[in-house]
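Listed here are the chains, written in short residue letters.
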Amino acid sequence: MRHIFTLFFILSPLFMGWAQMESIEIYVSPIGKSNNLGLENSPFESLRSAIERSKEIRSINKGSQIIIHVLAGEYYLDSPIKISPQLSKLKIIGQGSDKVIMKGSKKLNLNWKIFKDSIWVTKVKDKTNFDQLFINHKQQILARYPNYDENGGHWQGHAKDAISPKRVKSWKKPKGAIVHAMHSGEWGDFHYVISDVKKNGKVKLTGGQQNNRPSPLHKNYRMVENVFEELDSPGEWYFDKDKKLLYYWPKYGIDLKNALAEGIYLKSLIEIIGDKDHPVKEVSLEGIKFEHTQRTFMEAYEPLLRSDWTIYRGGAVFVEGTEDILIKNCEFTNLGGNVIFISKYNRRIQIIGNHIHESGASAVCFIGNPSTVRSPSFQYREFVPIQKMDTISGPANNDYPSESKITNNLIYRIGRIEKQTAGVQISMAMDITVCHNSIYDVPRAGINISDGTWGGHIIEYNDVFNTVLESSDHGAFNSWGRDRFWHPNRSTMDKLKKINPEMPKWDAIHTTIIRNNRFRCDHGWDIDLDDGSSNYHLYNNVCLNGGIKLREGFYRTVENNIMINNSFHPHVWFDKSEDIFRRNIVMTTYKDIRLSGWGKEVDYNFFATKEALNDAHKKGVDTNSIFGNPGFIDPEKGNYNVSNDSPVLRIGFINFPMDNFGVQVPVLKAIAKKPEFPDLWAVSDKKKNEIPKMEWLGAKIKNIETIAERSASGLNKTAGVLIINIDQKSILGSSDLLVGDVIIGGEGEEINTIKDLMNVFQGNNWKGKLNLDIFRDQERIKLIINTKKN
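It should be emphasised that the depicted structure is a prediction, and the values quoted were computed from it without experimental measurement.

1. As for the pairing of strand β2 (residues 65–70)
Thought 1: The element β2 is extensively covered by neighbouring structure, given that 6 of its 6 residues are classed as buried.
Thought 2: Side-chain alternation along β2 places Gln65, Ile67 and His69 on one buried face and Ile66, Ile68 and Val70 on a second face that is also buried.
Thought 3: Alignment of strand β1 (residues 23–28) against β2, held across 6 bridges, turns out to be parallel. Residue pairing for β2: Val28 is matched across the bridge by Val70.
Thought 4: Sheet topology note: the β2/strand β5 (residues 90–94) ladder contains 5 bridges and is parallel. Residue pairing across strands places Ile67 opposite Lys91, the latter belonging to β5.

2. With respect to the nonpolar core
Thought 1: In terms of nonpolar packing, the biggest core is built from 90 residues, with Ile68, Ile83, Ile92, Ile270, Phe332, Phe477 and Tyr590 touching the most fellow members.
Thought 2: With sequence-adjacent residues up to four places away left out, Ile68 is seen in contact with Ile26, Val28, Leu47, Ala50, Ile51, Ser54, Leu90, Lys91, Ile92 and Ile93.
Thought 3: Val542, Ile564, Ala608 and Ile785 belong to the second largest nonpolar core, which has 44 residues in total.

3. Regarding the environment of Gly714
Thought 1: Position of Gly714 relative to the elements: it lies in the loop between α8 (707–713) and β59 (721–726).
Thought 2: Judged by relative accessible area, which is 21%, Gly714 ranks as partly exposed.
Thought 3: Once the C-alpha coordinates of Gly714 and Phe775 are considered, the two residues, 61 residues apart in sequence, prove to be 8.4 Å apart.
Thought 4: Sequence-distant contacts of Gly714, defined by excluding residues within four places in its chain, comprise Phe775 and Gln778.

4. Observations regarding helix α6 (residues 610–618)
Thought 1: Along α6, the residues classified as buried are Ala612, Leu613 and Ala616. Down the axis of α6, the buried side of the element spans an arc of 100°, and every buried residue falls inside it. Exposed residues pointing more than 90 degrees away from the buried face of α6 are listed as Glu611 and Lys618.
Thought 2: Looking at the buried positions of α6, the neighbouring elements they touch are β53 (606–607) and β54 (626–627).
Thought 3: A positive backbone phi angle near 85° is found at Gly620, which sits one or two residues after α6.

5. Digging into a negative patch on the surface
Thought 1: Negative charge collects at one region of the surface, where Glu636, Glu676, Asp679, Glu695 and Asp727 lie side by side.
Thought 2: The topology assignment puts Asp727 in the loop between β59 and β60 (742–746).
Thought 3: We classify Asp727 as partly exposed; its relative accessible area is 41%.

So, how was this worked out
Residues numbered from 1 in each chain as written. Predicted model: local features only at pLDDT ≥ 70, side-chain atom pairs only at ≥ 80, totals over all residues. Heavy atoms only, no water. Buried < 20%, exposed > 50% of the residue type's maximum accessible area, 1.4 Å probe, protein only. Helix = DSSP H or I, 4+ residues; strand = E, 2+ residues; numbered from the N terminus. Pairing = 2+ DSSP bridges. Core = buried A, V, L, I, M, F, W, Y, C linked by side-chain atoms within 4.5 Å. Contact = heavy atoms within 4.5 Å. Arc of directions from axis to C-beta. Patch = residues over 30% accessible without salt bridge, like charges linked within 9 Å, V, L, I, M, F, W, Y side chains within 5 Å. Areas by Shrake-Rupley, 256 points an atom, 1.4 Å probe, with all protein chains shown as cover. Salt bridge = Lys/Arg side-chain N within 4 Å of Asp/Glu carboxyl O. Lys, Arg positive; Asp, Glu negative; His and termini not counted. Charge placed at Lys NZ, Arg CZ, Asp CG, Glu CD.

So this is what it looks like as structure tokens:
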């Protein structure tokens, strides 16, 4: 067939030959030419030329499969590649993501000269402004305060005085400086540009559209960049757009005059766009590395209903109005905003086996059109009165993603600039399956569902950990459900539900299933079904640290889950919530807050201690629950199945596989990290009924157990937790705790043992801070410590 294709190119009329072909292959290579034939031995020089040839083919053959083979090399795009419905049945296949690279940057032809001390300068002749600079394939740092520190917490360094009048007055050109700040409650972030400065040095900020929960700027978590005077360390740069002068302090060892310099200027690389009436069909992207898109945090954002999110509707690969799209075995890295964005009407999208890391915002987003939502509200305190509300269940139209899968992907180090982000984000969508993904090292949730519209999602076999690293009050998995039934006034919401018992299912029409996952969050909850989240079924999940929280929702069933060193967190439950919590392994007392009832059933659970079970009995639940040592088979290696003689089996608990979490594609599985498996401090030791010592937040701690220890510390009883060592590079290394301190209280509770300390810590770690009572030098003092890196 290939020889026939060649013959048609050589002989006129070659176009007529295309009409008879079922499969047509086109080749692209960086060493090709624009006037080549597009064959393997005569390739085009750009993907754009191949796309234009594909359009020509489609003009006479609308049903053939077109395959564009992208040969090894780097491809610099001058504008996004656009794929319309005309180009349905198209495959773009690279030779491998380790060989084929598509970039939204340009090589910069620069003539460097010494400016001052270690800083060099060059004129940039290109007319295009760029927002990121890469030198020899490594991203450089836009001049900032404070300086970049990989272990510096929020934005890898933050400072209370980032935009103080004194500092601002030291800048000759403050206008155009970019300000990043956390929400005052750390519920995401804000981004601004300084648009004016008063004589007293106070700044006027433009922006802040990146969060749906208005708030003052956080007092401490602030960073400013794009300021010439802050160019004061190796790797930093500044571009004077007016004078077209680029300033740079090269890192050690860089031969600047021979270095490759690249400036990023595209917001997206591939755009596959149709609509629900004329969708793009059967397009695949495979075996390509996508790099270099601009940061998009100052673009127009839109609220995702009443969730805490607003979002920029765009990404490096943007998909809207399509059916049967496949994105497979690609790598996405060094991207300034969202990576893959599935917008509005889409059916049967598959995102499989991709490696996604080093991105500015979210990895994969499935976001519908707000027009699909009946009687929508867009702010926390907005509400459509029931008299004016559309009371029909389900979506108003089909302009939303559905029947789609994100499977076997490795996702980490996303949200490098934006913090209200997720590895997988879902809003106004139905029947999305998130399966066998490894997601870690993220600033907020690994997986987030912003609303109940319209459920039917399956979240399974994922490995999600090292989450909520630069925010607070969240979970490794997080959801909201501020749907039509939800009202900011709790009593009003309760009345609405009593009058309309099925109202929570008007939007959450299908049950969302969360099963067979492994979650860990050290700064919140492992699974956080937050405000209004309704119609969920959770089973066979291992929660390694933060437990499970259910707040303000209805119709949730939680069964056969394991909560290591933690428990169940029912928050703000209503009377007759219809919630069920049964046959779970919990290790500490329930952390209930403001309950009007205990749902439909809380029973047949297994507790690690008698004290925890007795506490549940006092609350009127768990009549048939039991306690004891669960008898995990190999907890040090993450196997929390119980032995055949374990008492856990008496409550009806069923073991489930422990070796199938996360990405399973061999090449990605080989490089994927795994979570740390915690010491089981909450499980009673057979001999001592208490763990004697452990490591906590970088400190080695132990129980006060002997008269000698009590005497040395000056205590009036043999109790408390002794600090015996602190790693100065750890979280507690930056606290006011000292070696030799004895922790005797926390958050108003008495602390006699490590178990007491851990119970207090686990009940409050979502706050990011802990109030402690310390005994030091014969004196009781109070300290507030941060429980995550600042």
